[in-house]
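Listed below, chain by chain, are the residues.
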Amino acid sequence: MGRLPLPAGPSRTGSRRTVPMLTVSVLAASALAAGAAAAVPVSAREAGRTEVPVTSGSPVTEVSESVVRVKVPLPASAGPRPEACDWLSYLRFRHVDGPAESADADRILVAQPGILEGAGAFDSVARNTVAAAAESGSHIEFWALDRRSNCLEDPTGVQAGLAARDVHLAVDYYYRQKEIDGRKFAGYQTNDQVKWLQHVGLEQTVRDQYDLMARELPDQRARKEKMLCGGHSLGGVLTAYFAEWDFDGNHATTADAGHNQCSGYFALDTRIEKGLPGMGGQVPADWVPIVEFGAGAVQAGLDAGIVPRALSAPAVVNTETMNLLAIAGLAANIAPDAESDLSTYIPSGFNQDMTYRLLFSKDYPTFIKGSPTVKDFRFSNAAALAGLLDDHSQPLAFMQASVGFWDGGTIADKEFPAPNNLEEIGLGGLTRLLGTEKKAIPDEPGGPLFTWRNYDRVGAPDDPVHRSKDGTPFTSAGKEVTDIAELARSLSEHPLDFTEHYFPTKLITDIALADAPGIADDAVHEGGIAANPVINLQAGDGLGFGDPQPGDIIAAGYQHIDVLTASAVQNDGRPEPISTNLAAFATG
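Residues numbered from 1 in each chain as written. Predicted model: local features only at pLDDT ≥ 70, side-chain atom pairs only at ≥ 80, totals over all residues. Heavy atoms only, no water.

1. Details of the packing of aromatic side chains
The line we're drawing: Centre distance within 6.5 Å is the pairing criterion for rings of Phe, Tyr and Trp, where only the six-membered ring of Trp is used; planes under 30 degrees apart are then read as stacked, over 60 as edge-to-face, and the remainder as tilted. For helices the rule is a DSSP run of H or I covering at least 4 residues; for strands it is a run of E covering at least 2, with both sets numbered from the N terminus onward. Burial status follows relative accessibility: with a 1.4 Å probe on protein chains alone, a residue under 20% of its type maximum counts as buried, one over 50% as exposed, and anything between as partly exposed. To sit over a ring, a charge needs its Lys NZ or Arg CZ within 6 Å of the ring centre and within 35 degrees of the ring normal.
Tallied over the full model, the rule gives 17 aromatic pairs. With a centroid separation of 5.2 Å and an interplanar angle of 75 degrees, the aromatic rings of Trp-406 and Trp-452 are classed as edge-to-face. Of this pair, Trp-406 sits in strand S9 (residues 404-407) while Trp-452 sits in strand S12 (residues 449-454), and the two are 46 residues apart along the sequence. Note on accessibility: Trp-406 and Trp-452 belong to one class, buried. Following the ring pairs from residue to residue traces out a cluster consisting of Phe-360, Phe-377, Phe-379, Trp-406, Phe-450 and Trp-452. The positively charged end of Arg-69 is found above the aromatic ring belonging to Trp-87, 4.5 Å away from the centroid.

Structural data, given as structure tokens:
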């Protein structure tokens, strides 16, 4: 792995020029993120740019955060869209003692989110990386990008609930048409309302990143010296295309090439490769079956609305359940030990009811019968959130984190949607989809209040050590790495959400059809990926498990989401390895 020389210049001591900051409430930040017209630029030096500080409850207090929005309109051919969707946004993390101007930072890490992720997902890894770099005397920044489609989200309810410390306020906003400061939730956008997303694919996504980087740091030589490009999950794939893309329309010139905007690449449980890691470089055809008919058929399907313009499924993966994660995070953030009432206070509906049924069914008979339901159990707010995302409950590997384990009552094997002995019955290949950990579930409907044993309390003297039916413990201290409180905060605190409610289907189909004319015609600089050093930071139990490569840094016990959310101090007392190694790469 190559080392990156620090750029010359005043960055170590840095310019301490003061940029005037807006003093606004959390609700004002929410309104700004939602596209409010009254946003005021943080600096008069540039029109079409705003920067607003974000108030944070993070224990990493030496890192400041702001939400930056830059006006970069879509082409007219994209068609009608909300005004907010002509802006690009990111969360800017920097050290409080570092330079106020990004141009004076030692390094800037620019991160693309994974599928169904927003900028808020990078909260912990960004703060931990910036803090680790400062310990070695370097001041770096971490820019967590929000893809353009996130402009469709409305965080008003969650942000107002956080400010008032009242989760019912958020639920009432999203489900009971209760107004907040004169604003009423417009509902989740339908396929017909997001028609412009049929134009937001691979080309628009990499160009958005380039345009944002060029607007924020206009000097190409400075970008080449200071910026590191990378991402999590799908973000590694997008970085690979970015590295090879030509952005000025002249394939003979290279100053504009993506690889000449970065001094190195970082991969967070992914690879800097053009294709999904672990899948032979291809998007499985059964993910979006129409790709088998070619690029023309796909675009015609998108244009006609036959192909959904935003990726969605009846349970777990849809706009409503993505927002439900933020609401559950809000409840766990405000009152983690209080008894949750979300399953009863949120009005019944198909998306959330099917999600609850999928996540909280013990076995197939329970799922088919529909009883007992999640409403028959008592959970703390922390346990309710963990039931949605912990690797012992959430069935999809790409949505799993290791945040601890159930506590407070009898725990049984969860044999739905798949049994826990996949390896024994010859179905070990499913672990790439379902994850490596055995699933577990509370087994006392109408019984005690089930609470959550946080990651750093697993293996403590009072741990009852719940065991699977084969006699082995469900988990151990070395397998738990993320603080449930920090996960809850990351899900509910940011004006740019942790999740991505309207992921453009065209982005996936474009990657599947990248060799077709008109899809990736400008990905011409084939040496772009190899042009810069790369650091591969892999989750030991993540999506790339079983495929280690020389030079990989493996975080043992980590799941796919843990590379973003893991606590700064791990159960063995050591610093968190992903952020520590990423900071060393950036500053070494």
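There is more to say after this.
2. What to know about the sheet that holds strand S7 (residues 264-268)
For clarity, the cut-off: Whether two strands pair depends on DSSP finding at least two bridges between them. Axis lines are fitted through C-alpha atoms, for helices just across the contact stretch, and the angle between N-to-C directions can take any value from 0 to 180 degrees. Working rule for contacts: check all heavy atoms of both residues, and any pair within 4.5 Å makes them a contact.
Ordered by their spatial adjacency, nine strands build an open sheet running S1-S2-S3-S5-S4-S6-S7-S13-S14, and the pairing between neighbours is mixed. Only two strands of the sheet have a single partner each, and these edge strands are strand S1 (49-53) and strand S14 (553-555). In this sheet, neighbouring strand axes are inclined to one another by 20 degrees on average, regardless of whether the strands run parallel or antiparallel. Note that S7 and strand S13 (residues 534-539) share four bridges and pair parallel. Residue pairing in the sheet places Leu-268 in a bridge with Leu-537 of S13. Lying over the sheet, helix H5 (residues 202-216) contacts S1, strand S2 (63-71), strand S3 (87-95), strand S4 (107-112), strand S5 (140-146) and strand S6 (227-232), oriented at roughly 110 degrees with respect to S2. This element, helix H18 (residues 577-587), spans S4, S5, S6, S7, S13 and S14 of the sheet and lies at about 180 degrees to S13.

3. Comments concerning the nonpolar core
Test applied: Only buried Ala, Val, Leu, Ile, Met, Phe, Trp, Tyr and Cys residues count toward a nonpolar core, and they belong to the same one when joined by side-chain atoms within 4.5 Å.
Within the largest apolar cluster, 138 residues are counted, with the highest numbers of intra-cluster contacts made by Phe-142, Tyr-241, Phe-379 and Trp-406. Top contributing element to this core by residue count: helix H9 (residues 319-334), with 10 residues. When residues no more than four places from it in sequence are discounted, the contact partners of Trp-406 are Phe-360, Phe-379, Ala-383, Gly-387, Ser-393, Ile-411, Ala-440, Ile-441, Pro-442, Thr-451, Trp-452 and His-466. With 12 residues, the next largest nonpolar core counts Ala-84, Cys-85, Trp-196 and Val-200 among its residues.

4. Considering the pairing of S6
Rules: When the strands point away from the viewer and the connection leading from the first strand across the helix to the second strand turns clockwise, the crossover is called right-handed.
Summarising burial for S6: six of the six residues are buried, a large majority. Because side chains alternate across S6, one face comprises the buried residues Met-227, Cys-229 and Gly-231, and the other comprises Leu-228, Gly-230 and His-232, equally buried. Relative to S7, S6 runs parallel, the two sharing five bridges. From the neighbouring strand, Cys-229 faces S7, where its bridge partner is Tyr-265. Since S6 and S7 lie parallel, the crossover through helix H7 (residues 234-244) that links them has a hand, and here it is right-handed.

5. What about the packing of helix H3 (residues 156-164) against helix H4 (residues 167-175)?
Under the convention used in this document: For classification purposes, angles smaller than 35 degrees are called roughly parallel, those larger than 145 roughly antiparallel, those between 65 and 115 roughly perpendicular, and all remaining angles oblique. Each crossing is labelled by how the near helix is turned from the far one, with a counterclockwise turn of less than a right angle marking it left-handed and a clockwise turn marking it right-handed. Residue polarity is assigned by list, with Asp, Glu, Lys and Arg as charged and Ala, Val, Leu, Ile, Met, Phe, Trp, Tyr, Cys and Pro as nonpolar; anything else, Gly included, falls into the polar class.
Across the interface, H3 lies against H4 with an axial gap of 7 Å and an inter-helix angle of 160 degrees. Of the possible angle classes, the one that applies to H3 and H4 is roughly antiparallel. As H3 packs across H4, the resulting crossing turns out to be right-handed. Between H3 and H4, the residues in contact are Thr-156, Gly-157, Val-158, Ala-160, Gly-161 and Ala-164 and Leu-169, Ala-170, Tyr-173 and Tyr-174, respectively. Among the residues forming the contact of H3 with H4, the class breakdown is seven nonpolar, three polar and no charged.

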